[in-house]
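# Residue-level structure breakdown
Take a look at the letters that make up each chain.
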Amino acid sequence: ANGTDYEDSISFINDGIYYLRYASADKSGNVQDTVSKTVKIDTQNPVTAQITIPNDGDYVKGDVVIQATATDNEGGSGIAKVEFYHDSNNNLIGTDFQVDAGIYEVTWSTTAADDGEHSLYIIAYDQAGNILPSNYRMITVDNTPPTLESYSVTGGTPEANNNVYFSPNGDNVM
């Protein structure tokens, strides 16, 4: 193409592996060595994305390990990364790029979150950029220790091995 760059497009109908060979020649008869490239086409989303730990309904505090599994479609490009989020406004907790025995994980410091119910979810990305979000996993963050406002002790004495009743809030409910 007169010493300039040349571009053309090709289309692939199905996902799969394609082998491309190409070479170029100019008007003077100079010929490039043939170049071979392997191209893998993957337009399918991953097939699973699931949080495995913590369980739905768990109470958590402090640093919490969140684990997940993700798998790509058969013949796909493979999982590239898993992003971990809390709540529906895309609060990124962290990203795991390295799978260890099929498990992805991050540690979430819940001290930065308000006490109460929170949703967890992941988004799995394959090597081609296709994504699959998981279902929500509901957990409750509780970083606030309980407080004892008052108490009462009734009954016998501990020294005599009698029954002693302790009412944590002084309301005679044992």
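These lines cover the structure that appears in this document, whether it is placed above or below.

About the criteria used
Residues numbered from 1 in each chain as written. Predicted model: local features only at pLDDT ≥ 70, side-chain atom pairs only at ≥ 80, totals over all residues. Heavy atoms only, no water. Helix = DSSP H or I, 4+ residues; strand = E, 2+ residues; numbered from the N terminus. Buried < 20%, exposed > 50% of the residue type's maximum accessible area, 1.4 Å probe, protein only. Lys, Arg positive; Asp, Glu negative; His and termini not counted. Salt bridge = Lys/Arg side-chain N within 4 Å of Asp/Glu carboxyl O. Polar contact = N/O pair within 3.5 Å; in protein donor to acceptor, adjacent residues only side chain to side chain. Contact = heavy atoms within 4.5 Å. Phe/Tyr/Trp six-rings, centres within 6.5 Å; stacked < 30°, edge-to-face > 60°. Lys NZ or Arg CZ within 6 Å of the ring centre and 35° of its normal.

Okay, the side chain of Asp-42 next. One can find Asp-42 in the loop between strand S2 (35–41) and strand S3 (48–53). Lys-40 provides the closest opposite charge to the buried, salt-bridge-free Asp-42, at an N-O distance of 6.9 Å. Within the structure, the side chain of Asp-42 is placed 3.1 Å from the backbone nitrogen of Gln-44, a separation counted as a polar contact. Side-chain polar atoms of Asp-42 contact the side chain of Ser-77, separated by 2.7 Å. Residues within four places of Asp-42 in sequence aside, it is in contact with Asp-15, Asp-72, Asn-73, Gly-76, Ser-77, Asp-126, Ala-128 and Asn-130.

Quick look at the packing of aromatic side chains now. This model, assessed by the stated rule, comprises three aromatic pairs. With 4.3 Å between their ring centres and 45° between their planes, Phe-12 and Tyr-18 make a pair best called tilted. On the basis of relative accessibility, which here comes to 27%, the residue Phe-12 falls in the partly exposed class. Centroid distance Tyr-121 to Tyr-136: 5.1 Å. Interplanar angle 65°. Geometry classified as edge-to-face. Of this pair, Tyr-121 sits in strand S9 (residues 116–126) while Tyr-136 sits in the loop between strand S10 (131–133) and strand S11 (137–141); the two residues are 15 residues apart in sequence, bridging distant segments of the chain. Its relative accessible area of 47% is what places Tyr-136 among the partly exposed residues. Each residue in the set Tyr-85, Tyr-121 and Tyr-136 is aromatic and connected to the rest through ring pairs, giving one cluster. In this arrangement the basic side chain of Lys-81 is found over the ring face of Tyr-125, its NZ or CZ atom lying 4.6 Å from the centre.

It is worth spelling out the side chain of Arg-137 at this point. Here Arg-137 shows up in strand S11. Despite its burial, Arg-137 remains without a salt bridge, the nearest opposite charge being carried by Asp-56 at 4.6 Å. A distance of 2.6 Å separates the side chain of Arg-137 from the backbone oxygen of Pro-54, its partner in a polar contact. If sequence neighbours within four positions are ignored, Arg-137 has contacts with Gln-50, Ile-51, Thr-52, Ile-53, Pro-54, Asn-55, Asp-56, His-118, Ser-119 and Leu-120.

What follows covers the environment of Ala-128. Within the secondary structure, Ala-128 sits in the loop between S9 and S10. Residue classification places Ala-128 among the partly exposed residues on the basis of a relative accessible area of 42%. In this view, Ala-128 contacts Asp-42 and Ser-77; residues no more than four positions away in its chain are not counted.

Such coordinate-based values are descriptive only and should not be taken to indicate function.
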